Amino acid sequence: GGQDWWSVDLDREASLRSDCMFAAAPRPLLDLDFCDQPSLARRLSGPLAEAVEVGVEHACLVSAVAVWWRIEGPEGVRLSTEPRLANAHAETWPGKRQAVYFLGCQVGSNKSDTLRFKVQYLRQLSALSFELVSPSVDQRSAGSHIDVFVDAMPTLSEIRAALDKRTSRLTSPVEVDWYGAVDEVRLSEGDR
């Protein structure tokens with residue numbers, strides 16, 4: 001078990017692509033104290049799945065979940081694979097990577113949307129699995145789309161004004177005369 005993940009240097013990716021960014025602020029997913037054996041044993045025997053909610057901070061297409069680790073030792077010793085993309089003060093070192101779990105689709109999200117995931121901890125917390133619970137992929141997937149061929153310029157102008165180009169979602173209702181303004185409607189499905 002466990003979802004496939006890729007070892008990625010997010011800082012390098014961000015330097016190559018302007019669309020590589022975090023949709024939400026980083027947050028702890030799992031906290032373990034290896035010096036507290038009873039607490040660790042409870043965590044390993046407790047629920048190995050949980051619901052995680054993430055608040056989206058800006059409009060974007062979400063396609064993956066990034067995970068990194070941080071170890072804190074005695075006398076303030078710290079080591080982390082946190083990318084500078086998440087924290088400008090993060091340390092850098094050669095070979096530093098993050099685990100990136102791709103969702104299998106892109107999900108259009110607006111600022112203040114909430115993404116809900118079911119996270120499963122597998123193989124005694126050594127593997128993870130992320131399932132997007134809400135919004136459903138059918139509601140927000142960029143993998144399928146409807147092609148609408150519009151003949152009426154006023155309708156086209158209204159659609160253009162209401163379209164959020166970053167998420168491919170309409171930001172307000174559009175009144176469409178389906179019989180007078182629309183020439184053809186075609187549903188297409190992309191790779192999922």
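This is a predicted model, so every value here is computed, not measured.

Overview of the packing of aromatic side chains
All told, the structure shown has three aromatic pairs when counted by the stated rule. Every member of this aromatic cluster is reached through a ring pair, and the members are Y101, F117 and F130.

A closer look at the sheet that holds strand β3 (residues 60-67)
As summarised here, the arrangement of the three strands in space is β1-β6-β3, forming an open sheet in which the pairing is antiparallel. The open sheet is flanked by β1 (6-8) and β3, the only strands paired with a single partner. Averaged over all adjacent pairs, the angle separating strand axes in this sheet is 50°, with direction ignored. Direction of pairing for β1 relative to strand β6 (residues 98-109): antiparallel, over a ladder of three bridges. Within β6, the residue paired with V8 across the bridge is Q98.

Quick notes on the sheet that holds strand β8 (residues 127-134)
Here we have three strands laid out as an open sheet, ordered β2-β7-β8, and antiparallel in their pairing. In the strand order of this sheet, the two ends are held by β2 (49-55) and β8, each with one partner. In this sheet, neighbouring strand axes are inclined to one another by 30° on average, regardless of whether the strands run parallel or antiparallel.

A short note on the confidence of the model for the chain
On average, residues of the chain score 77 in pLDDT, and 77% of them reach the 70 mark or higher. Here strand β12 (residues 182-189) is the element of the chain with the lowest mean pLDDT, 53, and helix α1 (residues 10-16) is the one with the highest, 89. Note that pLDDT drops below 50 for residues 187-192; the model gives that stretch 15 contacts with residues more than four away or on any other chain.

Regarding the pairing of strand β7 (residues 114-122)
Alternating residues of β7 divide into L115, F117, V119 and Y121, all buried, and T114, R116, K118, Q120 and L122, none buried. Two strands pair when backbone bridges link them, and β2 and β7 are joined in this way by seven bridges, in the antiparallel orientation. Looking at the pairing, A49 lines up with Q120 of β7. Bridging between β7 and β8 involves seven bridges; their strand directions are antiparallel. Across the sheet, F117 pairs through a bridge with L132, a residue of β8.

Some details on the pairing of β6
Two elements, β3 and β6, share seven bridges in a ladder whose sense is antiparallel. Bridge assignment links V65 to a residue of β6, and that residue is Y101.

Regarding the nonpolar core
Membership of the largest hydrophobic core comes to 19 residues, with the highest contact counts inside it found for L115, F117, V119, L128 and F130. At the level of secondary structure, the elements contributing two or more residues to this core comprise β2, β3, β6, β7 and β8.

A look at the side chain of T81
Relative to the helices and strands, T81 is located in the loop between β5 (78-80) and β6. Here T81 falls in the buried class, since its relative accessible area comes to 4%.

Regarding a nonpolar patch on the surface
Together, W69, I71, L79 and W93 line one region of the surface with nonpolar side chains, adding up to about 370 Å² of accessible area. Residue placement: W69 occurs in the loop between β3 and β4 (70-72). Accessibility expressed as a relative area gives 39% for W69, which makes it partly exposed.

Description of unusual backbone geometry
The omega angle of the peptide bond from S134 to P135 is 0°, so this bond is cis rather than trans. Mapped onto the secondary structure, P135 falls in the loop between β8 and α3 (137-140). Notably, E75 is not glycine yet its phi reads approximately 60°, a positive angle. Relative to the helices and strands, E75 is located in the loop between β4 and β5. Residue E75 is classed as exposed on the basis of its relative accessible area of 84%.

A few points about the pattern of salt bridges
A full pass over the atoms with the stated rule returns three salt bridges. Two residues, R97 and D9, come together in a salt bridge whose shortest N-O distance is 3.8 Å. Pair noted here: R97 is in the loop between β5 and β6 and D9 is in the loop between β1 and α1, with a separation of 88 residues, a long-range link. For R97, a relative accessible area of 37% corresponds to the partly exposed category.

Reading the values: the criteria
Residues numbered from 1 in each chain as written. Predicted model: local features only at pLDDT ≥ 70, side-chain atom pairs only at ≥ 80, totals over all residues. Heavy atoms only, no water. Phe/Tyr/Trp six-rings, centres within 6.5 Å; stacked < 30°, edge-to-face > 60°. Pairing = 2+ DSSP bridges. Helix = DSSP H or I, 4+ residues; strand = E, 2+ residues; numbered from the N terminus. Axes fitted to C-alpha atoms, helices over the stretch in contact; angles between N-to-C directions. pLDDT = per-residue confidence, 0-100. Contact = heavy atoms within 4.5 Å. Buried < 20%, exposed > 50% of the residue type's maximum accessible area, 1.4 Å probe, protein only. Core = buried A, V, L, I, M, F, W, Y, C linked by side-chain atoms within 4.5 Å. Patch = residues over 30% accessible without salt bridge, like charges linked within 9 Å, V, L, I, M, F, W, Y side chains within 5 Å. Areas by Shrake-Rupley, 256 points an atom, 1.4 Å probe, with all protein chains shown as cover. Salt bridge = Lys/Arg side-chain N within 4 Å of Asp/Glu carboxyl O.

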